[in-house]
Structures are given as structure tokens and as C-alpha cells.
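Inside the fold
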Amino acid sequence: MKNIIVVLCLFISTLTWAQTLRVVDVSTEIGPATSWLEVVDSGKYANSWQQAGAFFQKNVPQALWVSKLEQVRTPLGAVTSREGISRQVLTSIPQLPDGDYVILEFQTDFENKAQSIETVTLKKSAEQWQVIGYFIQ
């Protein structure tokens, strides 16, 4: 089966990651990411769009988001395991305004596709981390 890619923001998937890294408290990012993934896992795709950051909502129409997840995520089935495998903290990402960003990667096994990589991009806004990108490979 070919790699499966979910649109999150039209340009997020083409980012280069050569940016300045710095240390922040990981617990503040993991919670919002995993909570958001649980909403996606439950099939509540419209809710996941509503819980995403303003940048995400501005760049990905809700109907498109729901449609793409129904096409790509639903056939994968239930999550059987998910483990964090990498974390990058950035202050700039090409084509995005400077700010505090975190890119988290998870090794995820789905009922119908093992050894997938999920990438969740978060941006700190008003002292809260919000999802602005999602990618399944």
C-alpha cells in the first residue's frame, strides 16, 4: 500500500526542518496533541477541525478536512498502538510567521495498516498549544 498522506495545510508537508532547536516543557505539547488525536481517532473529524488552531482553520476548509479524513483516516481503522518517536521545537517554519512551533512524530499501528508515522504540528497561541498540521505516512 502506498504511503497515505492527509492534507493538513497545503504547504506543511513540504517543509524543511533545518531550524534552530530549543528546549521547552514537553508535557505542555503532548497533552493537546494526544487529546486532538483522540478526537480524530473517534471519527469526530468536524470536531477535530473545530479544535485545531486558527491558522489551520483559515487554510483548510472544514468540509475539505472532513472529506479527506473520511477518505484516508477512516479506512485505517482503530489505533492499536501509538508511541512518540520524535519532537522538534522550532521558532520558524518556511511560509509561516515566526513563533513557537513543535513537530511531534508518532509511530502508530492502525487496525488495517501497521507502522504508520503520524506527524502533528502545533503552534503556541495565547499560551496554549494548538494543532495546525497533521500528516499520515
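Residues numbered from 1 in each chain as written. Predicted model: local features only at pLDDT ≥ 70, side-chain atom pairs only at ≥ 80, totals over all residues. Heavy atoms only, no water.

**Here we look at unusual backbone geometry**
For residues besides glycine, phi is generally negative; the peptide bonds are generally trans as well. Here Gln-115, not a glycine, exhibits a phi torsion of approximately 55°, which is positive. Residue Ala-126 is not a glycine yet carries a positive backbone phi of 50°. As for its position among the elements, Ala-126 is in the loop between β3 (113–125) and β4 (128–136). The class for Ala-126 is exposed, based on a relative accessible area of 72%. (Helix = DSSP H or I, 4+ residues; strand = E, 2+ residues; numbered from the N terminus. Buried < 20%, exposed > 50% of the residue type's maximum accessible area, 1.4 Å probe, protein only.)

**What about helix α4 (residues 62–72)?**
Three or more residues of α4 are buried, namely Trp-65, Val-66, Leu-69 and Val-72. Down the axis of α4, the buried set is contained in an arc of 150°. They therefore lie on one face. (Arc of directions from axis to C-beta.)

**Considerations on the confidence of the model for the chain**
Put simply, the chain has an average pLDDT of 84, and 80% of its residues get 70 or more. Contacts for the low-pLDDT stretch residues 1–24, under 50 throughout, to residues beyond four places or in other chains number 58 contacts. (pLDDT = per-residue confidence, 0-100. Contact = heavy atoms within 4.5 Å.)

**Quick notes on the sheet that holds β3**
If you trace the 4 strands from one edge of the open sheet to the other, you get β1-β2-β3-β4, paired in antiparallel fashion. Pairing within the sheet leaves two strands with one partner each, and these edge strands are β1 (79–90) and β4. The average angle at which neighbouring strand axes cross in this sheet is 25°, direction not considered. In this sheet, strand β2 (residues 101–110) lies alongside β1 in antiparallel orientation, the contact comprising 10 bridges. For Ser-81, the partnering residue across the bridge sits in β2 and is Asp-109. (Pairing = 2+ DSSP bridges. Axes fitted to C-alpha atoms, helices over the stretch in contact; angles between N-to-C directions.)

**So, the environment of Leu-104**
Looking at where Leu-104 falls in the secondary structure, it is placed in strand β2. For the pair formed by Leu-104 and Glu-118, sequence separation is 14 residues and the distance between their alpha carbons is 8.2 Å. Setting aside residues no more than four positions away along its own chain, Leu-104 makes contact with Glu-29, Ile-30, Ala-33, Ser-86, Arg-87, Glu-118, Thr-119, Val-120 and Leu-122.

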